[in-house]
Amino acid sequence: ADGVVLLAMIGVSLWGASALPPGAQVPVHFGPAAYGSWVPKGLGLVLWPAIGVVLYVILIVHAHDQQTHAASGLTIGLTVALVVILVTEVGAIKVAMNRAGHES
C-alpha cells in the first residue's frame, strides 16, 4: 500500500506540472495548517514526493531493525504519514492553482 501512495504522489506532481502555468509557485510547509513559503513549481512538485520517499526509506529501515510487533506499528504509522503528505500535496497544488488564477 505504501508503494501505491508513493506512486500517487508522483502522479499528483505530474498532474501539477501539467496544470500549473510556467512561473507558478507551490506552497510548502512543515507545520500544521500553515503554508510557510512558496517555491518555484519545479522544486515544489519534486519536494512533496521526495519527502515521501525519504520518510518511506527511513521508517522501513527502522522497521526492519525492530521486532515484528514494533515494525507493524511503524508500518501503520508510515502509511498514515504518507497519506497525510499526499493529501497535503493535493491541497498545495490546488492553492497554487487558485493563486495562479486557475480553477481547481
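Going by the structure above, here's the rest.
Computed from a predicted model, the values in this text were never measured in an experiment. (Residues numbered from 1 in each chain as written. Predicted model: local features only at pLDDT ≥ 70, side-chain atom pairs only at ≥ 80, totals over all residues. Heavy atoms only, no water.)

(A) Spotlight on the packing of aromatic side chains. By the definition in use, this model includes zero aromatic pairs. Geometry around Trp38 places Arg99 over its ring, the cationic atom sitting 3.9 Å from the centre. (Phe/Tyr/Trp six-rings, centres within 6.5 Å; stacked < 30°, edge-to-face > 60°. Lys NZ or Arg CZ within 6 Å of the ring centre and 35° of its normal.)

(B) Just the nonpolar core, in detail. Of all hydrophobic cores here, the largest spans 20 residues; its most connected members are Met9, Leu20, Val26, Trp48 and Leu82. Elements that contribute at least two residues to this core include exactly helix H1 (2–19), strand E1 (25–28), helix H2 (41–65) and helix H3 (68–99). Apart from residues no more than four positions distant in its own chain, Leu82 is found in contact with Asp2, Val5, Leu6, Met9, Gly52, Leu55 and Tyr56. (Core = buried A, V, L, I, M, F, W, Y, C linked by side-chain atoms within 4.5 Å. Buried < 20%, exposed > 50% of the residue type's maximum accessible area, 1.4 Å probe, protein only. Helix = DSSP H or I, 4+ residues; strand = E, 2+ residues; numbered from the N terminus. Contact = heavy atoms within 4.5 Å.)

(C) Examining the environment of Leu86 more closely. Looking at where Leu86 falls in the secondary structure, it is placed in helix H3. Once the C-alpha coordinates of Leu86 and Met9 are considered, the two residues, 77 residues apart in sequence, prove to be 5.7 Å apart. Apart from the residues lying within four places of it in its own chain, the contact partners of Leu86 are Val5, Ala8, Met9 and Val12.

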